[in-house]
Amino acid sequence: MAETSPRTTSKRARKAPKKMSDAADEDDLDAVEEVELQEAIAASQAEAPPPEAPKPKPEIEEGKFYKRELPEQCVAFASREGRAFFESALKSGGLEGFFDLIAQFHTQNEPAYCGLATLTMALNSLKVDPGRPWKGVWRWYDESLLDCCKDLREVQLDGISLEEFVCLAVCNGLSCDTRRAHVAGEDVEMAPTTTSVKTCANVSDGCHASITSGSLDDLRAAVKHACGRSDVVLAASYSRKTLGQTGDGHFSPVGGYDASTDQVLLLDVARFKYPPHWVPLPVLYEAMQRKDPKTLQVRGWCLLSATSSTEGESGDLRAASAILNTITGGKASKHTDLPKPGRKPSAKKGDAPKKPAARKPATTRKRKAAPDVTQCDWCKAADHSAPGPKGAATLCPGCGDKFAKGDVPPQKDPATGKFPCRVEGCGAEFDSEGALRSHRRHCDGGTWRCGWCGASSKDSGHRKNPGPKGPATLCGPCGGRYRQGAT
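Residues numbered from 1 in each chain as written. Predicted model: local features only at pLDDT ≥ 70, side-chain atom pairs only at ≥ 80, totals over all residues. Heavy atoms only, no water.

Moving on, we get to the overall build of the chain. Across its full length, the chain holds 13 helices and 15 strands. Counting only residues that meet the buried cut, the chain has 41% of its 487 residues in that class. Residue pairs at least 24 apart in sequence account for 55% of intrachain contacts in the chain once pairs closer than 6 positions are excluded. (Helix = DSSP H or I, 4+ residues; strand = E, 2+ residues; numbered from the N terminus. Buried < 20%, exposed > 50% of the residue type's maximum accessible area, 1.4 Å probe, protein only. Contact = heavy atoms within 4.5 Å.)

Turning our eyes to something else, we now look at unusual backbone geometry. In the Ramachandran plot, Asp 262 falls in the positive-phi region, its phi being about 60° despite a non-glycine side chain. Looking at where Asp 262 falls in the secondary structure, it is placed in the loop between β6 (249-258) and β7 (263-266). Despite not being glycine, Leu 296 shows a phi value in the positive range, around 60°. Here Leu 296 falls in the exposed class, since its relative accessible area comes to 61%.

This paragraph deals with the pairing of strand β11 (residues 391-395). As defined by bridge partners, strand β10 (residues 386-388) adjoins β11 across 2 bridges and the pair is classed as antiparallel. By the bridge assignment for β11, Gly 388 is matched with Gly 391. Between the antiparallel neighbours β10 and β11 lie 2 residues. (Pairing = 2+ DSSP bridges.)

The subject of this paragraph is the pairing of strand β9 (residues 300-305). Where burial is concerned, most of β9 is hidden: 6 out of the 6 residues are buried. On β9, burial covers both faces: Gly 300, Cys 302 and Leu 304 on one face and Trp 301, Leu 303 and Ser 305 on the other are all buried. Pairing between strand β2 (residues 175-181) and β9: 6 bridges, direction antiparallel. Counterpart to Asp 177 in the pairing with β9 is Leu 303. Both strand β5 (residues 232-239) and β9 contribute to a ladder of 5 bridges, which runs antiparallel. Opposite Val 232, over in β9, you have Ser 305 as the bridge partner.

This part covers the nonpolar core. In this structure, Leu 116, Leu 119, Phe 165, Leu 168, Leu 174 and Leu 304 are the most contacted members of the largest nonpolar core, which totals 45 residues. Elements with a minimum of two residues in this core: α2 (80-91), α3 (98-102), α4 (114-125), α5 (152-158), α6 (162-171), β5 and β9. If near-sequence neighbours (up to four positions away) are discounted, Phe 165 is found in contact with Gly 115, Thr 118, Leu 119, Ile 160, Ala 235, Phe 251, Cys 302 and Leu 304. In this structure, Leu 219, Tyr 238, Val 279 and Ala 287 belong to the second largest nonpolar core, which totals 25 residues. (Core = buried A, V, L, I, M, F, W, Y, C linked by side-chain atoms within 4.5 Å.)

As a further point, take the pattern of salt bridges. On inspection of all chains with the given rule, the structure shows 14 salt bridges. Here Glu 87 and Lys 91 are joined by a salt bridge, their closest N and O atoms 3.5 Å apart. Here Glu 87 pairs with Lys 91, and both are found in helix α2, just 4 residues apart, close to one helical turn. Notably, a salt bridge pairs Arg 180 with Glu 163, separated by 2.0 Å at the nearest N-O pair. A residue pair is termed long-range when its members are at least 10 positions apart, and Arg 180 in strand β2 and Glu 163 in helix α6 qualify at 17 residues. The same class applies to Arg 180 as to Glu 163, namely buried. Each of Lys 150, Asp 158, Glu 164 and Lys 294 takes part in one network of salt bridges that share partners. (Salt bridge = Lys/Arg side-chain N within 4 Å of Asp/Glu carboxyl O.)

This brings us to the packing of aromatic side chains. Enumeration according to the criterion identifies 7 aromatic pairs in this entry. Arranged with centres 5.9 Å apart and planes meeting at 40°, the rings of Phe 77 and Phe 98 form a pair that is tilted. Of this pair, Phe 77 sits in the loop between β1 (75-76) and α2 while Phe 98 sits in helix α3, and the two are 21 residues apart along the sequence. According to the relative accessible area criterion, Phe 77 is partly exposed, its value standing at 24%. For the ring pair Trp 452 and Tyr 482, a centre distance of 6.2 Å and an interplane angle of 80° mean the geometry is edge-to-face. Here Trp 452, found in the loop between α12 (433-440) and β14 (464-467), pairs with Tyr 482, found in helix α13 (residues 476-483); they are 30 residues apart in sequence, far enough to count as distant. The partly exposed category is assigned to Trp 452, whose relative accessible area is 33%. Linked through ring pairs, Phe 77, Phe 86, Phe 98 and Phe 99 together constitute an aromatic cluster. (Phe/Tyr/Trp six-rings, centres within 6.5 Å; stacked < 30°, edge-to-face > 60°.)

Further remarks concern empty space enclosed by the protein. Inspection of every chain in the model, using the stated rule, returns 1 cavity of 30 Å³ or more. Considering only enclosed or pocket space, the largest cavity measures out at about 40 Å³ in volume. If you go around the largest cavity, the residues you meet are Gly 97, Phe 98, Leu 101, Ala 226, Cys 227, Val 232, Val 233, Leu 234, Val 254 and Gly 255. Elements that contribute at least two residues to the lining of the largest cavity include exactly α3, α7 (216-227), β5 and β6. A per-element tally of the lining of the largest cavity places β5 first, with 3 residues. Class assignment of the residues belonging to the lining of the largest cavity gives a composition of 8 nonpolar, 2 polar and no charged. (1 Å grid on protein atoms, 1.4 Å probe; cavity = no way out; pocket = protein on both sides within 12 Å on 5 of 7 lines; lining within 4 Å. Points joined across faces, edges and corners; volume = space filled by probe spheres on them. Nonpolar A, V, L, I, M, F, W, Y, C, P; charged D, E, K, R; others polar.)

The next point concerns the packing of α7 against helix α8 (residues 281-289). Relative orientation of the contacting elements α7 and α8 amounts to 115°, with a least axis distance of 10 Å. The interaxial crossing formed by α7 with α8 has right-handed handedness. The segment α7 lies against α8, with Leu 216, Leu 219, Arg 220 and Val 223 engaging Leu 281, Pro 282, Tyr 285 and Met 288. Within the contact of α7 with α8, the residues separate by chemical class into 7 nonpolar, no polar and 1 charged. (Axes fitted to C-alpha atoms, helices over the stretch in contact; angles between N-to-C directions. Left-handed = near helix turned anticlockwise from the far one by under 90°.)

This is how it looks when you write it as structure tokens:
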């Protein structure tokens with residue numbers, strides 16, 4: 001075996017210690033890096049903010065409420081007992097109008113808008129065309145469109161009375177049979193209470209319907225009539241206090257009637273406060289007997305319909321005609337077979353012909369008087385004190401002013417079969433005379449402009465709001481900004 005040279009041995013001996021020192025250096029480096037890493041982690045933890053404590057729930061402001069509990073005499077619609085009432089009413093035919101109403105169930109937009117919300121539900125469920133857009137291209141009733149009889153700012157403060165509700169209903173094309181609850185000690189056949197002309201700028205639209213008194217049986221008959229068909233809506237005006245609820249005067253539509261238990265379904269439009277509920281009909285009538293502290297009149301109910309046809313019972317036709325024309329603003333004789341007041345009913349088949357009266361000498365003959373006029377010849381309003389094209393006392397004051405200025409009654413375009421708006425610059429056409437009248441109350445022919453953005457009334461959906469320069473000076477969006485404090 002060859003011997004290793006001393007030189008070779010010394011080189012190998014020198015290399016071995018170096019490998020050991022490299023390994024030691026790597027271990028030292030790893031230790032240093034680990035220390036630095038731990039220090040960096042400690043530093044980052046020291047700089048990081050402590051974890052946030054869970055935020056406490058916001059305190060409920062005193063005097064603010066989330067809904068109310070129904071009192072004992074009111075049965076919630078969704079409860080087991082309420083569903084039993086619903087099933088019974090459905091079998092007995094007391095929910096014919098419920099489904100059209102529930103499809104338009106509306107929550108009032110303001111705490112005092114119960115009357116406007118009730119009327120909005122009635123108009124939409126009865127499929128009444130407002131004749132002007134609500135938003136965009138859509139014609140649809142909203143509380144903001146019911147501004148013709150009372151300024152909406154006043155409605156926000158004190159709501160509307162029963163007379164103002166009737167005024168708004170008739171102004172927007174509804175036939176309204178209105179009764180007040182009878183109070184013991186007062187005459188049931190009290191004189192009709194007529195709405196004040198000052199409450200409505202649209203004098204020509206016949207919104208001054210009469211209100212008479214009705215008994216508990218009258219209310220029950222009206223509820224059965226309205227709930228047994230889909231083309232009539234009964235709106236109830238009553239006091240919440242009698243029902244054991246908070247608040248006082250309120251409007252809501254009646255959605256159904258269970259004859260077996262004499263329960264009435266109130267579709268309460270203040271859904272943020274109370275859900276729909278059933279109440280005994282006598283209790284509802286008692287709630288109508290409480291007087292409105294502002295008008296000092298008892299409350300009542302309205303039978304609303306989009307048509308003015310009414311079935312009369314046997315009896316004196318002239319007396320029935322007078323009653324119906326008083327209730328419907330003079331429209332009953334137009335849509336029924338009843339004669340107009342002052343006219344004798346026409347002879348029926350089978351009646352014996354009457355002998356002609358003896359002819360008087362020419363010197364004693366008197367000119368036959370013109371038949372009595374019961375309504376405005378143009379707008380069918382009950383007031384007809386102004387002269388018109390057919391003679392004296394044939395138009396209401398509003399239409400009389402239009403006639404004096406050269407206006408003529410609405411007429412269909414033979415080419416299109418529609419009623420055109422004759423305001424210069426407008427050009428809109430409508431299927432019915434009522435829709436045209438509703439449109440003309442707000443039409444300006446495109447001349448009006450918003451005081452801030454310059455939009456026309458057509459661009460803003462014919463919604464004119466008050467501004468810093470007075471009423472009807474801003475469009476809807478600008479009016480909203482103005483109410484929020486913008487200048």
